[in-house]
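A structural walkthrough
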Amino acid sequence: MKHYCIAGLHVAMESFGRTLAQAEAYEVPLSGEPDIIIRTDPKIMHQSYPYLSLDDCEYICTGASFYTHLLQYNGIMLHSSCVAVDDRAYLFTAPSGTGKSTHTKLWLERFGDRAYILNDDKPALRLEDGVWYAYGTPWSGKYDINRNVRVPVGGIAVLERGVDNYIAPYNGFPAIASVLDQMLRPNGEEYRIKILEILDKLMSDVPVWKLTCNMDPDAVTVAYGAMSGKERGSL
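A brief report on the enclosed structure follows.

1. Here we look at the overall build of the chain
Broken down by element type, the chain carries seven helices and 12 strands. C-alpha extents for the chain along the principal axes are approximately 50 × 40 × 35 Å. Partitioning the intrachain contacts of the chain with sequence separation of at least 6 by distance along the chain shows that 67% fall at a separation of at least 24. Summed over its atoms, the accessible surface of the chain is roughly 11,300 Å², and 51% of this surface lies on carbon and sulfur atoms. Across the chain, the centroid of the 22 positively charged side chains sits 2 Å from that of the 29 negatively charged ones.

2. Some remarks on the packing of aromatic side chains
If you walk through the whole model with that rule in mind, you get 10 aromatic pairs. Each ring, one from Y49 and one from Y51, has its centre 6.1 Å from the other, and the planes form 90°; the classification is edge-to-face. Judged by its relative accessible area of 66%, Y51 is exposed. Seen in terms of ring centroids, Y67 and W139 are 5.8 Å apart; in terms of plane orientation they differ by 65°. Their pairing is edge-to-face. Remark: W139 occurs in the loop between strand 9 (131-135) and strand 10 (150-161) and Y67 occurs in helix 3 (residues 54-70); sequence separation between them is 72 residues. The buried category is assigned to W139, whose relative accessible area is 1%. Of the aromatic side chains, those joined through ring pairs into one cluster are Y90, F92, W107, F111 and Y224.

3. What to know about the pairing of strand 7 (residues 115-119)
Summarising burial for strand 7: five of the five residues are buried, a large majority. Pairing between strand 5 (residues 80-85) and strand 7: four bridges, direction antiparallel. Along strand 7, the bridge assignment pairs V85 with A115.

4. Observations concerning the side chain of T62
Mapped onto the elements, T62 comes out in helix 3. There is a polar contact of 3.2 Å between the side chain of T62 and the backbone oxygen of Y59. Once you skip the residues sitting within four places of it in the chain, T62 turns out to touch M13, E14, T19, I38, T40 and W139.

5. A closer look at the packing of helix 5 (residues 172-180) against helix 6 (residues 189-205)
Between helix 5 and helix 6, the shortest axis-to-axis distance is 11 Å and the interhelical angle comes to 120°. The angle between helix 5 and helix 6 places the two elements in the oblique class. In this structure, the crossing between helix 5 and helix 6 has a hand that is right-handed. Contact with helix 5, carried on its side by A175, I176, V179 and L180, involves I195, L196, L199 and M203 of helix 6 and no other residues of that element. In terms of residue class, the contact of helix 5 with helix 6 is made up of eight nonpolar, no polar and no charged.

6. Regarding the packing of helix 4 (residues 100-111) against helix 7 (residues 218-228)
In the contact formed by helix 4 and helix 7, the axes pass within 9 Å of each other and the chain directions differ by 90°. With respect to helix 7, the axis of helix 4 lies roughly perpendicular. Between helix 4, through H103, L106, W107, R110 and F111, and helix 7, the contact on the second element is made entirely by A219, V220, T221, A223 and Y224.

7. Some points on the pattern of salt bridges
Taken as a whole and assessed by the stated rule, the structure comprises nine salt bridges. For R114, the salt bridge is made with D86, and the minimal N-O distance between the two is 2.6 Å. Residue R114 is found in the loop between helix 4 and strand 7, and its partner D86 is found in the loop between strand 5 and strand 6 (88-93); the two are separated by 28 residues along the sequence. On the basis of relative accessibility, which here comes to 35%, the residue R114 falls in the partly exposed class. In this structure, E128 and R150 form a salt bridge, with 3.4 Å as the shortest nitrogen-oxygen distance. With a gap of 22 residues between them, E128 in strand 8 (residues 124-128) and R150 in strand 10 connect regions that are remote in the sequence. We classify E128 as buried; its relative accessible area is 15%. Residue classification places R150 among the partly exposed residues on the basis of a relative accessible area of 41%. A single salt-bridge network, built from bridges that share partners, covers R126, E128 and R150.

Scoring rules and cut-offs
- Residues numbered from 1 in each chain as written.
- Predicted model: local features only at pLDDT ≥ 70, side-chain atom pairs only at ≥ 80, totals over all residues.
- Heavy atoms only, no water.
- Helix = DSSP H or I, 4+ residues; strand = E, 2+ residues; numbered from the N terminus.
- Contact = heavy atoms within 4.5 Å.
- Areas by Shrake-Rupley, 256 points an atom, 1.4 Å probe, with all protein chains shown as cover.
- Lys, Arg positive; Asp, Glu negative; His and termini not counted.
- Charge placed at Lys NZ, Arg CZ, Asp CG, Glu CD.
- Phe/Tyr/Trp six-rings, centres within 6.5 Å; stacked < 30°, edge-to-face > 60°.
- Buried < 20%, exposed > 50% of the residue type's maximum accessible area, 1.4 Å probe, protein only.
- Pairing = 2+ DSSP bridges.
- Polar contact = N/O pair within 3.5 Å; in protein donor to acceptor, adjacent residues only side chain to side chain.
- Axes fitted to C-alpha atoms, helices over the stretch in contact; angles between N-to-C directions.
- Parallel < 35°, antiparallel > 145°, perpendicular 65-115°, else oblique.
- Left-handed = near helix turned anticlockwise from the far one by under 90°.
- Nonpolar A, V, L, I, M, F, W, Y, C, P; charged D, E, K, R; others polar.
- Salt bridge = Lys/Arg side-chain N within 4 Å of Asp/Glu carboxyl O.

All we've got here are geometric facts, nothing functional implied.
This is the structure:
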């Protein structure tokens, strides 16, 4: 069992293959009692999903275990591509295949060295001392794009494809449903209650937007201008 620092927490985890490789950057020396212990049996999942490799099953199981434990520490997973610019994290969430990663790649092209992808699939969000932070984690999608750092959250956008680029504040039940749909939701009433408590706090503290965009570079101008609060000429 190896020890890691993930999302600011001491994690002890048994892993192999893909999970072990992607977690290497998070490994730390053994020190004290872990906050989270992860032991999984991917063979059980593999029996139900034989078309997945055992390696992929373990990757899914360890990630689900970590993000379930994270609820105890005022944290959640949001299925999103998270880009950091000038020490602020901007998360773009949507169902798979919508174009989240394609959109954040435009941010990298636009901002150059000012920007990087914090996590391209499953960043962790935690409320710490009144501030929401986004963290990179080893569970970062098929391209394994992540950094082991934390960045204050600047905003969340629910992304959808469109002909034109348009962004507006997103509130009420539609916004809650859209964000909740992209979160891990473990079975059990205690988990459901905790998720709703954290989600309520998150959406009270962090601006949420609805972004309709095409894949033109101007989509970055529109999104960043609103989410950062900066005028077009200062981008």
